[in-house]
Amino acid sequence: MTRGLRAALAGLGLAVVVSFSIVGALQYALSNKTIGVLAGGTDNQAWAFFQLGTEHHRLHVALLEASAGLSDAAAAERRYEVFVSRLNIVRGGTYRQMFTGRAFYDGTIGEIGRFVDETDALVASRGGFDGVVVAELLVRLPLLRGPIQAMMLGINSVSAGEAAQRWTEITAMQRLATAATVIQAVLCAGFAGLAGWYILQSSRSRRELLQLTGTLNQAKQDAEAASRAKSEFLANISHEIRTPLNGVMGLLGLLVDSRLPPEPQGHARSALRSAENLLTIVNDILDLSKLEAGRIEVEAVDFLLTQPAEDVVSILHPKAMESGNELSYTIDPDARISLRGDVGRIRQILFNLVGNAVKFTRQGRIGIRFTTRPDGAGALLLVVEVEDTGIGIPPEFLGRLFERFSQADGSTTRRYGGTGLGLAICRQLCLLQGGDISVRSEVGKGSTFSFTVRCQPGPDIVEAPLPEPAPEAVDHGPLRILVVDDVEVNRTLMNSLLTRRGHAVRLATNGAEAVTEVVGSGLRLDLVLMDIQMPVMDGCSATEAIRSLPPPLGTIPVIAVTAHAMAGDRERYLAAGMNDYVSKPVRPAELFSAMERVMSRLPGLPSQAPAPAAPDDLAETPLLDQSMLDQLRDCLDMEDLTDMLGLFPGQARIQADEIEAAIAGGDAAAVKRAAHGMKGANANLGAQRLSAIARAIELNAADPEEAARLLQLARQQIEPTRQALEEQFAAAAHG
């Protein structure tokens, strides 16, 4: 309703009320007038005077009849009494005041009064009403006719005047009432018309509102559909970017690991870092799209508080060291170590905050502090603070630091780069887990980011006995692997990675070819690395087709290698029959780790490894494994090789001391565990003889004397091995 319409309705309503009040007042006045007339106005009062005139006439007739002998004197006396009573009524009534002071009234009443007084005196002298009295009255009574008629005329005149005046007043009031009624009717009609118009307007407004609501609902649905389409678009774009990026990063990794001249290798390293930065951006956009689409689900798994802390510190510590920073974490002594929550998202937030701290700090300290406190509802609030001594943030930027695409300022953006999405994603993840994030900062002194997430108490930790050494991994030897991918560069990358590890690789470009290869190949395959999104037949359909084959073909392990990295993708592929999952871009460590997980669940192939050398023959074992050294030269640059060479003797002696301490303590399990570590470390370095001796110690862990003898033999091999390695690497450096 408009303001003018409201004012019009209010004015009409007030006018209707006033009109009803006026009509009510007029009706009240009319009612009073009517009651006054009905209660005996001048007209009614005049009737009593006419009765007096009538009784005068009847008394005269009664006197004449008594005089003529038609009646007796008593009858004339009774009529006289009636006449006197009428006179008393006229003289004693309230209406006499209407005529008092008027000549026609005062004179007539006076004469009648004297006539009565004289008659009463005559009757009293005669002792009653007799013929004398009758005769006397017949003489005197006609004398009153004139005054009585004059009085009646006067009364009629007054009554007529008053009646005319009352009717005039009543007529005026009726006119006013009629006018007020007409005004009232007009106002009511106007009010009704305005109200009707308002009802029509309201009805039209309601229809327009319904139409607008429908339009808004449709717009909301369109916006939601657009948001879903945008999320799907971002997910698809992410997939399309990640797929070629997989090949770019993999091939750049191969270039970096190869023995290129320094300048091309530096270019390859720069290109690899750029590709990694691009992958970070793609991952940020993918995370943001998933948050907006509500496709991120908070998981609840049991974890130890040290788990995310160790993960973050161990991974980012080398980068922090490059910038001259100290990176460490502390856990409050009162904090609960065992928690239940989404440790993956906690780790993601922590990676982002610590990564920023490393980026913006030089020659300083970065500390992470974990505390927990009850939230009052039976849960726990995990509080994590990341404090650095970096460049700090100006106060004017703190308020919008957690907004999307927001960074400290342009110069900082140019110097440090970044999408400006990381902190916004962190905040969304904190809110999703029932917490929040805040920051305190001072330019030049550093920043402290503090975030909270809601967790449940985890199971109580019971100190477990020291586990027995893990059984030695089953040696599956070189594998026959089928790589299925529709992108040539990805097939090339996988082929290079796998053949370098000594595996035999077959290639297929889609799922249908993969099934044909599995069915028609004369050689049984050991493993299939399956892409998901491919033409002709996708990876899930191909895996289901393979699983429908009779054993042993139907039980071939299949690992999904895909750029699909949305929440639930891993579970979907495992449900399709795959054994494990690796996301693109493929990182060699993740790929080989997944292969190891899958193959370790299978029975080992007939071992083709040579039997452990007998203790007496260990001295004859080659000092170095030349093939392993060749692989190290292919995979590592000279700087890394030099570092490993510098670490070797100290590490070997520490491992020997550990074995010696375990032998002295009579702890066979500790001997086996320490020897196992020494065996693997030296095998990785190509120290074949030391590895073989460590293997013999492991096998003879229960025999302290033999273990001690073998340990002495191992100690004797450390220095010759160091010299041999130095010669090998020196030759490579000069080659």
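Conventions used here
Residues numbered from 1 in each chain as written. Predicted model: local features only at pLDDT ≥ 70, side-chain atom pairs only at ≥ 80, totals over all residues. Heavy atoms only, no water. Axes fitted to C-alpha atoms, helices over the stretch in contact; angles between N-to-C directions. Helix = DSSP H or I, 4+ residues; strand = E, 2+ residues; numbered from the N terminus. Parallel < 35°, antiparallel > 145°, perpendicular 65-115°, else oblique. Left-handed = near helix turned anticlockwise from the far one by under 90°. Contact = heavy atoms within 4.5 Å. Nonpolar A, V, L, I, M, F, W, Y, C, P; charged D, E, K, R; others polar. Pairing = 2+ DSSP bridges. Buried < 20%, exposed > 50% of the residue type's maximum accessible area, 1.4 Å probe, protein only. Polar contact = N/O pair within 3.5 Å; in protein donor to acceptor, adjacent residues only side chain to side chain. Salt bridge = Lys/Arg side-chain N within 4 Å of Asp/Glu carboxyl O. Expected span 1.5 Å × (residues − 1). Phe/Tyr/Trp six-rings, centres within 6.5 Å; stacked < 30°, edge-to-face > 60°. pLDDT = per-residue confidence, 0-100.

*Asks:* Could you clarify how one ought to interpret the packing of helix α5 (residues 103-126) against helix α6 (residues 131-140) in this entry?
*Replies:* If you want to describe how two helices pack, look at the angle between their axes and the distance between the axes. Running from N to C, α5 and α6 cross one another at 165 degrees; their axes reach a closest spacing of 10 Å. When the interaxial angle is binned, α5 and α6 end up roughly antiparallel. Crossing of α5 over α6 shows right-handed handedness. Seen from α5, the contacting residues are Arg114, Phe115, Glu118, Thr119, Leu122, Val123 and Arg126; seen from α6, they are Val132, Val133, Glu136, Leu137 and Arg140. Looking at the contact of α5 with α6, its residues break down into 6 nonpolar, 1 polar and 5 charged.

*Asks:* How should I be thinking about the sheet that holds strand β9 (residues 504-508) in this particular structure?
*Replies:* Strands sit in the order β9-β8-β10-β11-β12 across an open sheet of 5 strands; the sheet is parallel. Looking at the sheet topology across the chains shown, the edges are occupied by β9 and β12 (580-583). Neighbour-to-neighbour, the strand axes of the sheet open up by a mean angle of 20 degrees, direction not taken into account. Judged from the 3 bridges that link them, strand β10 (residues 527-530) and strand β11 (residues 558-562) form a sheet pairing that is parallel.

*Asks:* Is there a simple way to explain the side chain of Asp332 in this structure?
*Replies:* Here Asp332 is to be found in the loop between β2 (326-331) and β3 (338-341). Using a relative accessible area of 17% as the deciding quantity, one classes Asp332 as buried. At 2.9 Å, the side chain of Asp332 forms a polar contact with the backbone nitrogen of Asp334. In terms of polar contacts, Asp332 uses its side chain to reach the side chain of Arg369, at 2.8 Å. For Asp332, the residues in contact, after removing those within four places along its chain, are Arg369, Phe370 and Thr371.

*Asks:* In this structure, what is going on with the pattern of salt bridges? I would like to understand it.
*Replies:* Between side chains of opposite charge, pairing is possible as soon as their charged atoms come close. Under the defined criterion, the tally for this structure stands at 18 salt bridges. Arg506 is the salt-bridge partner of Glu517, the closest N and O atoms lying 2.4 Å from each other. Of the two residues, Glu517 is situated in helix α15 (residues 511-520) and Arg506 in strand β9; the sequence distance between them amounts to 11 residues. Its salt-bridge partner being Arg653, residue Glu719 comes within 3.8 Å of it at the nearest N-O pair. Here Glu719, found in helix α23 (residues 704-734), pairs with Arg653, found in helix α20 (residues 638-664); they are 66 residues apart in sequence, far enough to count as distant. Judged by relative accessible area, Arg653 falls into the partly exposed class, the value being 37%. A cluster of three or more residues bridged by salt bridges with shared partners is formed by Glu55, Arg58 and Arg79.

*Asks:* Could you clarify how one ought to interpret helix α22 (residues 688-699) in this entry?
*Replies:* Side chains that are three or four residues apart share a direction in an α-helix, a result of its 3.6 residues per turn. An ideal rise of 1.5 Å per residue puts 16 Å on 12 residues; α22 measures up with 17 Å between its terminal C-alpha atoms. Of all the positions in α22, only Arg689, Leu690, Ser691, Ile693, Ala694, Ala696, Ile697 and Glu698 are classed as buried.

*Asks:* Please clarify how the packing of aromatic side chains should be interpreted in this entry.
*Replies:* Considering all chains together, one arrives at 5 aromatic pairs under this definition. Consider the rings of Tyr80 and Phe129, whose centres lie 6.0 Å apart with planes at 40 degrees: the pair is tilted. With Tyr80 in helix α3 (residues 73-92) and Phe129 in the loop between α5 and α6, the pair connects residues that are 49 residues apart, well separated along the chain. The exposure class assigned to Tyr80 is buried, which follows from its relative accessible area of 2%. Taking the centre distance of 6.4 Å and the plane angle of 85 degrees together, the rings of Phe83 and Phe115 count as edge-to-face. Placement of Phe83 in helix α3 and of Phe115 in helix α5 is noted, with a sequence separation of 32 residues between them.

*Asks:* How should the confidence of the model for the protein be read in this particular structure?
*Replies:* Detailed reading of predicted coordinates is not advised where the pLDDT is low. In the predicted model, the protein carries a mean pLDDT of 79, and 83% of its residues have values of at least 70. Within the protein, no element has a lower average pLDDT than helix α12 (residues 410-416), which sits at 49, and none a higher one than strand β5 (residues 380-388), at 93. Here residues 462-475 is modelled with pLDDT under 50, and outside its nearest four sequence neighbours on either side it reaches 12 contacts, counting other chains as well. Confidence over residues 604-615 falls short of pLDDT 50; this stretch has 12 contacts with residues more than four positions distant or in other chains.

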